[in-house]
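# Structural overview for review
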Amino acid sequence: TKTVDKSASVSFPASGYHLLRSDRLAVFFDCAELGYGPIAAHGHADCLSLTLAVDGQPVFVDPGTYDYFSHPEWRNYFRETRAHNTAEVDQRSQSRMLGPFIWGQRAVAQLTEWDDSDLQSIAAGQHDGYAKLDDPVIHTRRIRVDKKDETISVVDSFSATAEHTSRLHFHVQPELIVRRVSASEVVLELADSVLHVSATDASIRCIRADENSKLGWISGRYHEKQASACLQIEKRTCGNAEVRTDFRLQ
């Protein structure tokens, strides 16, 4: 019988999806194509998004779809970049919606780095969804999982020349409790541990089920949505810049 190493990471380059693992952590990284076919039907503007599970327990999740036709504002929200665990620049989505099932300008993502060893897993990718801004921006995300310390570092880099506002969002599984430690650190209470989330040179805002911005809602089933929490890290930068977020189990 072949033994499966659950800490071995796996890259699926043909699909654009990549799984980084340690004994306790599992990070799913999306560098895939937007949607399906010529109109990118059912696509979401989620380049370089991630999900995280700890000991098999979902922590940061994809918020889902929620609706197709009955609630157009919610339909649009759940497809936008801010509804996913990735970076939004200047409050714009990476790709442009033309209708409920069709896209115009589309971000193209690619994997730029992959490494897996007994000590760490590293994946990096970039996309061009903000290259058409008046001042073009290229977003690169690099994820490192330390298999010994059971920690994750996520570095989001933005190549630009002018001023921009970058917002990272991490959508929390509804059942989890989020507690603030400081302006730049929160903890999530898990089944058997806590997860510390800290931002370098940026503050973390916890948004809970806001009907106006629509942040902080998770849809696990069609036409159902649950109140939850969304961690938002915002940073105003000029020129090339980066935002680092660290995740540590305790």
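Since the model is a prediction, treat every value here as computed from it, not as a measurement.

### Notes on the overall build of the chain
From N to C terminus, the chain includes 1 helix and 21 strands. By the compact-globule yardstick of 18 Å for 250 residues, the chain fits well, its C-alpha radius of gyration being 17 Å. Looking at the chain as a whole, 51% of its 250 residues qualify as buried. A separation threshold of at least 6 residues defines the contact pool for the chain, and within that pool the share at least 24 residues apart is 60%. Summing over all exposed atoms, the chain offers an accessible surface of approximately 11800 Å²; the carbon and sulfur share of this is 48%. Side chains of the chain give 28 positive and 35 negative charges; the mean places of these two sets differ by 2 Å.

### Remarks on the packing of aromatic side chains
Under the definition given, this model contains 14 aromatic pairs. Ring centres of Phe 69 and Phe 101 lie 5.7 Å apart, and the angle between their planes is 50°; this geometry places the pair in the tilted category. Within this pair, whereas Phe 69 is found in the loop between β5 (57-60) and α1 (72-79), its partner Phe 101 is found in the loop between β7 (97-99) and β8 (102-103), the two being separated by 32 residues in sequence. Its relative accessible area of 61% is what places Phe 69 among the exposed residues. Given a relative accessible area of 21%, Phe 101 falls into the partly exposed group. Measuring from centroid to centroid gives 5.6 Å for Phe 170 and Phe 247, while their planes differ by 75°, and the two rings are edge-to-face. Residue Phe 170 is located in strand β13 (residues 163-172), and its partner Phe 247 is located in strand β21 (residues 241-249); the two are separated by 77 residues in the primary sequence.

### Focus: the pattern of salt bridges
As enumerated under the stated definition, the model contains 11 salt bridges in all. With a closest N to O distance of 2.6 Å, Arg 179 and Glu 189 form a salt bridge. With Arg 179 in strand β14 (residues 177-182) and Glu 189 in strand β15 (residues 185-189), this pair connects stretches of sequence that are 10 residues apart. Taking relative accessible area as the criterion, Arg 179 reaches 39% and is therefore assigned partly exposed. Given the relative accessible area of 30%, Glu 189 is considered partly exposed. Here Arg 244 ties to Asp 246 by a salt bridge, and the two come within 2.9 Å at their closest N and O atoms. In this structure Arg 244 comes out as partly exposed when scored by relative accessible area, which is 36%.

### Here we look at the sheet that holds strand β16 (residues 194-199)
Ordered by their spatial adjacency, 8 strands build an open sheet running β9-β10-β11-β12-β21-β16-β15-β14, and the pairing between neighbours is antiparallel. The strands lining the two open edges of the sheet, one partner per strand, are β9 (109-116) and β14. Across the sheet, the mean angle separating the axes of adjacent strands is 15° when strand polarity is ignored. Bridge count between β9 and strand β10 (residues 120-127): 7 bridges; the pairing is antiparallel. Bridge pairing links Trp 114 to Ala 123 in β10.

### Overview of the side chain of Ser 193
Mapped onto the elements of the fold, Ser 193 is located in the loop between β15 and β16. Only 3.3 Å separates the side chain of Ser 193 from the side chain of Arg 24, close enough to count as a polar contact.

### Here we look at a nonpolar patch on the surface
Taken together, the side chains of Phe 12, Tyr 17 and Phe 28 define a hydrophobic patch exposed on the protein surface, amounting to about 270 Å² of accessible area. Here Phe 28 shows up in strand β3 (residues 25-30).

### Details of the nonpolar core
By size, the foremost hydrophobic cluster in this structure holds 45 residues, and its most contacted members are Phe 60, Leu 188, Leu 195 and Leu 231. Apart from residues lying up to four places away in sequence, Leu 231 is in contact with Phe 60, Leu 168, His 169, Phe 170, Val 172, Val 178, Val 186, Leu 188, Val 197, Ile 204, Arg 205 and Cys 206. By size, the runner-up hydrophobic cluster in this structure holds 9 residues, among which are Tyr 66, Trp 74, Ala 83 and Leu 215.

### Details of α1
Taken residue by residue, α1 has Trp 74, Arg 75, Tyr 77, Phe 78 and Arg 79 as its buried positions. The inward-facing, buried residues of α1 contact β7, β8, β13, β18 (217-221) and β19 (224-227).

### Description of the pairing of β15
Across the 5 residues that make up β15, a large majority, 4, are buried. Direction of pairing for β14 relative to β15: antiparallel, over a ladder of 5 bridges. By the bridge assignment for β15, Ile 177 is matched with Glu 189. Counting the residues that bridge the hairpin from β14 to β15 gives 2 residues. Note: β15 against β16, 5 bridges, orientation antiparallel. Bridge pairing in β16 links Val 186 to Val 197. Remark: 4 residues form the turn of the hairpin made by β15 and β16, two consecutive strands paired antiparallel.

Conventions we followed
Residues numbered from 1 in each chain as written. Predicted model: local features only at pLDDT ≥ 70, side-chain atom pairs only at ≥ 80, totals over all residues. Heavy atoms only, no water. Helix = DSSP H or I, 4+ residues; strand = E, 2+ residues; numbered from the N terminus. Rg over C-alpha atoms; globule rule 2.2 N^0.38 Å. Buried < 20%, exposed > 50% of the residue type's maximum accessible area, 1.4 Å probe, protein only. Contact = heavy atoms within 4.5 Å. Areas by Shrake-Rupley, 256 points an atom, 1.4 Å probe, with all protein chains shown as cover. Lys, Arg positive; Asp, Glu negative; His and termini not counted. Charge placed at Lys NZ, Arg CZ, Asp CG, Glu CD. Phe/Tyr/Trp six-rings, centres within 6.5 Å; stacked < 30°, edge-to-face > 60°. Salt bridge = Lys/Arg side-chain N within 4 Å of Asp/Glu carboxyl O. Pairing = 2+ DSSP bridges. Axes fitted to C-alpha atoms, helices over the stretch in contact; angles between N-to-C directions. Polar contact = N/O pair within 3.5 Å; in protein donor to acceptor, adjacent residues only side chain to side chain. Patch = residues over 30% accessible without salt bridge, like charges linked within 9 Å, V, L, I, M, F, W, Y side chains within 5 Å. Core = buried A, V, L, I, M, F, W, Y, C linked by side-chain atoms within 4.5 Å.

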